[in-house]
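Analysis of the macromolecular model
The residues making up each chain are set out below.
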Amino acid sequence: MFMTPLMLLAAGVVHATTSPAPVSGAQATATLVAAIIAGVGALIAAGVGLINASRSLAQVRREQWWQQFQWGIEKALSHDSDESDVGFAVLNKLVQRKEAREEDNEIPLVVADLVTDRTSRQHRWRRKPERPIGQLRPARRPAA
């Protein structure tokens, strides 16, 4: 089938070649201002999005840090001295990371005090007496 130029124009395949209407200076200025405002709005929206993404990432890192911190505390409070040493080493590293807040540094100190108190109590109760209980004083020899 053969299509005439009028048929193509009606079908929307070919556009009419009319010259655009002249644009006034005020209309051009208004269009430019609207484009600038839209661009600034898009930049502000992108900045807000980046800030929210940064905060979200910081919150995720803080939650991971806290889980590691809890694990370190559990190990530090272990009755096994090797596990306790590992726990304290982990806590020492964790409090030096940027996710740690100032008040977080107090928690390992409290844990260390608890472990120290527990250890000293265990040593006190497990201490072997120097003398048998029945011999608190050396036996005296009878005078000759």
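Everything here concerns the structure above.
A few points on the structure.

So, how was this worked out
- Residues numbered from 1 in each chain as written.
- Predicted model: local features only at pLDDT ≥ 70, side-chain atom pairs only at ≥ 80, totals over all residues.
- Heavy atoms only, no water.
- Helix = DSSP H or I, 4+ residues; strand = E, 2+ residues; numbered from the N terminus.
- Expected span 1.5 Å × (residues − 1).
- Buried < 20%, exposed > 50% of the residue type's maximum accessible area, 1.4 Å probe, protein only.
- Phe/Tyr/Trp six-rings, centres within 6.5 Å; stacked < 30°, edge-to-face > 60°.
- Core = buried A, V, L, I, M, F, W, Y, C linked by side-chain atoms within 4.5 Å.
- Contact = heavy atoms within 4.5 Å.
- Salt bridge = Lys/Arg side-chain N within 4 Å of Asp/Glu carboxyl O.

1. Observations regarding helix α2 (residues 25–76)
Side chains of residues three or four places apart in an α-helix project in the same direction, reflecting 3.6 residues per turn. Counted at 1.5 Å a residue, the expected span for α2 with its 52 residues is 76 Å, and the 76 Å between its end C-alpha atoms agrees. All buried positions along α2 are accounted for by Arg62, Trp65, Phe69, Gly72, Ile73 and Ala76.

2. Some points on the packing of aromatic side chains
Counted by the stated rule, this structure contains three aromatic pairs. Summarising the aromatic geometry, the rings of tryptophan 65 and tryptophan 66 are spaced 6.3 Å apart at their centres and angled 35° between planes, so their arrangement reads as tilted. Judged by relative accessible area, which is 0%, tryptophan 65 ranks as buried. Ring geometry for tryptophan 65 and phenylalanine 69: centres 4.7 Å apart, planes at 15°, overall stacked. With tryptophan 65 and phenylalanine 69 both in helix α2 and four residues apart, the pair spans about one turn of that helix. Each member of the pair, tryptophan 65 as well as phenylalanine 69, is classed as buried. The rings of Trp65, Trp66 and Phe69 are connected pair by pair, giving a single aromatic cluster.

3. Re the environment of tryptophan 66
Secondary-structure assignment places tryptophan 66 in helix α2. The exposure class assigned to tryptophan 66 is partly exposed, which follows from its relative accessible area of 33%. Placed 33 residues apart in sequence, tryptophan 66 and glutamate 99 show a C-alpha to C-alpha distance of 8.9 Å.

4. Re the nonpolar core
Nonpolar side chains in soluble globular proteins tend to be buried together. Trp65, Phe69, Ile73, Ala76, Leu91, Leu94, Val95, Ala100, Val111 and Val115 form the largest nonpolar core, which has ten residues in total. Among the secondary structure elements, those contributing two or more residues to this core are α2, α3 (81–94) and α4 (106–126). For this core, the leading source of residues is α2, giving four residues. Those residues in contact with leucine 91 that sit more than four places away from it in its chain are Phe69, Gly72, Ile73, Ala76 and Pro108.

5. A word on the pattern of salt bridges
The tally for this structure, following the rule as stated, stands at two salt bridges. Here lysine 75 makes a salt bridge to glutamate 83, at a shortest N to O gap of 3.9 Å. Judged by its relative accessible area of 24%, lysine 75 is partly exposed.

Without other data, these values stay purely geometric and don't point to any function.
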